[in-house]
Structures are given as structure tokens and as C-alpha cells.
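Residue strings, one per chain:
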Amino acid sequence: MVRVRIKNQPTLKNWDEVDKALREIAEQEFLIEEIEAEMTKQINGIKISSGLEAKPHQDRIEKLGKDIKEFVTEHKDELDGKTKVLNFGSTGFRMSTSVIIPKAKEKVAAIVKSLKIRKMADCINVVEMVNKEVLKKYSEDEIIKVGAKLKKEDVFWYETSREKFKDTK
């Protein structure tokens, strides 16, 4: 069998055909939006009805959880260590430890400074990243000197006039 090579030739022959293609793209985008809007509406409806259906079960679980906590707290001395294993689950207490860091930036800065003084640098997260948008503002020579490259390309784009398309419907 002989291979046939197909030459790439533009399908569109003039600006009028390009304009018609843009109109068709706008039409297809519009149809997709309608489909997605209907899908979102249906999903939201399902979420609401499922949420309403599940609500009594969630409320019951919450109430039973509070009742269990209250009972176990009153009978803490009957636990085997910190846990009581039962037929349908286990319950008990566990020690939970967390570090509280204030939200104020000045206080966080003071903690970081104190950690540095005490040589506890392993407690400090430092994230260093190149800010490409700022680097792009430098000259091409400067960008190359630091080991990066500046890529320039003529990128094709198109945009549909959706308002005009809607007006023609």
C-alpha cells in the first residue's frame, strides 16, 4: 500500500469564511453554556434534596455522639486505659497536643526571631521561588545572566463577539 501525504492547506479561503467560523464557534460556546447551566441546575437540585434527605440522619448521629461523650466522660474510670472496646466500635480519650501561634504578624515575627536566636531554624518554613512576572521586567541580558531564558513567540488567538451572536438569534 502506498502512503499518501496530505498537504496542509487552509480550509478557510477568505475573511468572510473566517467570520462565519467565528460565528459558529460563538454558537457552539453558547450551546455549551446552556448545557452546563442545566447541568449545574440539576446538580444543585440533587445536592439540596440529598442534603434534606440526609439531615435527619446527620442530626441523629450528632445527638448520639453527644450522648456517648457525656456517658463516657461520667464513666471515664471504667475505661481500659484510655479506650473502651465495644461490639460496634470503641470509644475513649486520647491526649491531643497542638501548638497555638498568634495571628498577628508582629507576634509571628517575634516568634520567628526568637526561634532564630535559639538556633531552632528547623521550626521555620522558608519558601524561596522565582517570581517570573518580576523577572520578565528585566532586560534579556540580565535574565540570561541569572540562568533563565526569555521566550518570545507570536501566539495566535481569537475571540468571538458573543453579544453580536446573541443579537442575531
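Provided above is the structure to which this section pertains.
The notes below deal with the structure included here. This is a predicted model, so every value here is computed, not measured.

What about the pattern of salt bridges?
Part 1 of the reasoning: According to the stated counting rule, one finds ten salt bridges in the structure shown.
Part 2 of the reasoning: Between lysine 55 and aspartate 59 there is a salt bridge; the shortest N-O distance is 2.7 Å. One end of the pair is lysine 55 and the other is aspartate 59, both in helix H1 (residues 15–74) and four residues apart, which spans about a single turn.
Part 3 of the reasoning: With relative accessibility at 43%, the residue lysine 55 sits in the partly exposed group.
Part 4 of the reasoning: One salt bridge in this structure joins aspartate 67 and lysine 63, with 2.9 Å as the shortest N-O distance.

Re the layout of surface pockets
Part 1 of the reasoning: Within this model, the largest pocket holds a volume of roughly 190 Å³.
Part 2 of the reasoning: Around the largest pocket, the lining residues are Asp19, Lys20, Leu22, Arg23, Ala26, Glu159, Thr160, Ser161, Lys164, Phe165 and Thr168.
Part 3 of the reasoning: When residues of the lining of the largest pocket are traced back to their parent elements, those giving at least two are H1 and helix H5 (162–168).
Part 4 of the reasoning: Broken down by element, the lining of the largest pocket gets its largest block of residues, five residues, from H1.
Part 5 of the reasoning: Looking at the lining of the largest pocket, its residues break down into three nonpolar, three polar and five charged.
Part 6 of the reasoning: Taken together, Leu12, Val18, Ala21, Leu22, Ile25, Phe156, Trp157, Tyr158 and Glu159 make up the lining of the second largest pocket.
Part 7 of the reasoning: Among the residues making up the lining of the second largest pocket, the classes are represented as eight nonpolar, no polar and one charged.

About the thresholds
Residues numbered from 1 in each chain as written. Predicted model: local features only at pLDDT ≥ 70, side-chain atom pairs only at ≥ 80, totals over all residues. Heavy atoms only, no water. Salt bridge = Lys/Arg side-chain N within 4 Å of Asp/Glu carboxyl O. Helix = DSSP H or I, 4+ residues; strand = E, 2+ residues; numbered from the N terminus. Buried < 20%, exposed > 50% of the residue type's maximum accessible area, 1.4 Å probe, protein only. 1 Å grid on protein atoms, 1.4 Å probe; cavity = no way out; pocket = protein on both sides within 12 Å on 5 of 7 lines; lining within 4 Å. Points joined across faces, edges and corners; volume = space filled by probe spheres on them. Nonpolar A, V, L, I, M, F, W, Y, C, P; charged D, E, K, R; others polar.

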